Amino acid sequence: MSTHPSKDLETFPNPNPQRDYTIRIDAPEFTCICPKTGQPDFAQFKLEYVPDQKCVELKALKLYLWSYREEGAFHEAVTNKILEDLAVATEPRFMRLTGVWNVRGGIYTTVVVEHRKAGWQPAPKIELP
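Going along each chain's sequence as written, the residues are numbered from 1 onward. Where totals are concerned, whole chains, interfaces and linings use all residues; where local detail is concerned, this predicted model gives features only for residues with pLDDT of at least 70, and gives and counts side-chain atom pairs only at 80 or more. To get the side-chain values, take all heavy atoms of the structure and skip hydrogens and water.

## A closer look at the packing of aromatic side chains
Any pair of Phe, Tyr and Trp rings, taking the six-membered ring for Trp, is counted once the centres come within 6.5 Å. Such a pair is stacked with planes under 30 degrees apart, edge-to-face with planes over 60 apart, and tilted for the rest. Evaluated as defined, the whole model comprises six aromatic pairs. Ring centres 5.8 Å apart and planes at 85° place the aromatic pair F45 and W101 in the edge-to-face group. Placement of the pair is F45 in strand β3 (residues 40-50) and W101 in strand β5 (residues 94-104), with a sequence separation of 56 residues. Exposure classes here rest on a 1.4 Å probe applied to the protein chains alone. A residue is buried below 20% of its type maximum, exposed above 50%, and partly exposed in between. Looking at F45, the relative accessible area reads 2%, which means it is buried. Classification of W101 as buried rests on a relative accessible area of 1%. For a Lys NZ or an Arg CZ to count as sitting over a ring, it must be within 6 Å of the ring centre and within 35 degrees of the ring normal. Its guanidinium or amino end placed over the ring of Y64, K7 lies 5.5 Å from that ring's centre, counting from NZ or CZ. Directly above the ring of Y68 sits K7, whose terminal nitrogen or CZ lies 3.3 Å from the centroid. Counting from the N terminus, the helices are the DSSP runs of H or I reaching at least four residues and the strands are the DSSP runs of E reaching at least two.

In structure tokens, the structure reads:
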């Protein structure tokens with residue numbers, strides 16, 4: 001049985017929906033194609049989210065990110081598209097996706113996009129001594 005890229009983002013029920021907690025996922029090997037040059041672009045994606053009723057399944061996320069390998073996309077567009085698809089699939093209370101793109105022509109690009117569920121307010125930040 002072989003594994004193939006897929007745009008399907010599977011989810012599973014949040015095991016603790018009564019509590020706000022943060023899930024952090026690092027995906028250090030994202031690749032797509034520069035639409036101007038046809039050369040590969042590489043990024044590390046850092047996903048942080050506070051789930052509501054659903055969480056993203058990690059293998060499905062890996063296959064979803066892999067599906068961009070042969071697609072042409074600008075950094076800003078693909079980072080926003082990935083956040084949009086993840087937010088639609090999981091309907092989180094809060095989600096932030098940071099795309100840290102490898103240097104291209106001497107310039108580093110970092111794209112940060114966020115989604116916030118209407119009416120959701122985070123708990124106050126606690127600073128420990």
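## Quick word on the state of the cysteines
Throughout, disulfides are identified as pairs of cysteine sulfur atoms within 2.5 Å of each other. If you walk through the whole model with that rule in mind, you get zero disulfides. Considering cysteine sulfurs only, C34 is the nearest to C32, which forms no disulfide, with 8.2 Å between them. A relative accessible area of 12% places C34 in the buried class.

## As for the UniProt feature "binding site: substrate" (unreviewed entry) in the protein
UniProt positions are given in the numbering used here, feature names are shortened, and annotations may be inferred rather than shown by experiment. According to UniProt, the feature "binding site: substrate" (unreviewed entry) maps to V56, E57, L58, H75 and E76 in the numbering used here. With a sequence span of 21 residues, these residues are also far apart in the fold, their greatest C-alpha distance being 24.3 Å. The topology assignment puts V56 in strand β4 (residues 54-56). Aside from chain neighbours lying at most four places away, what touches V56 is L9, E10, T11, F12, I25, Y49, L61, L86 and T90. Pairs of residues are marked as contacts when any of their non-hydrogen atoms sit within 4.5 Å.

## Remarks on the environment of G106
Tracing the backbone through its elements, the reader meets G106 in the loop between β5 and β6 (107-116). G106 sits in the exposed class, given a relative accessible area of 64%.

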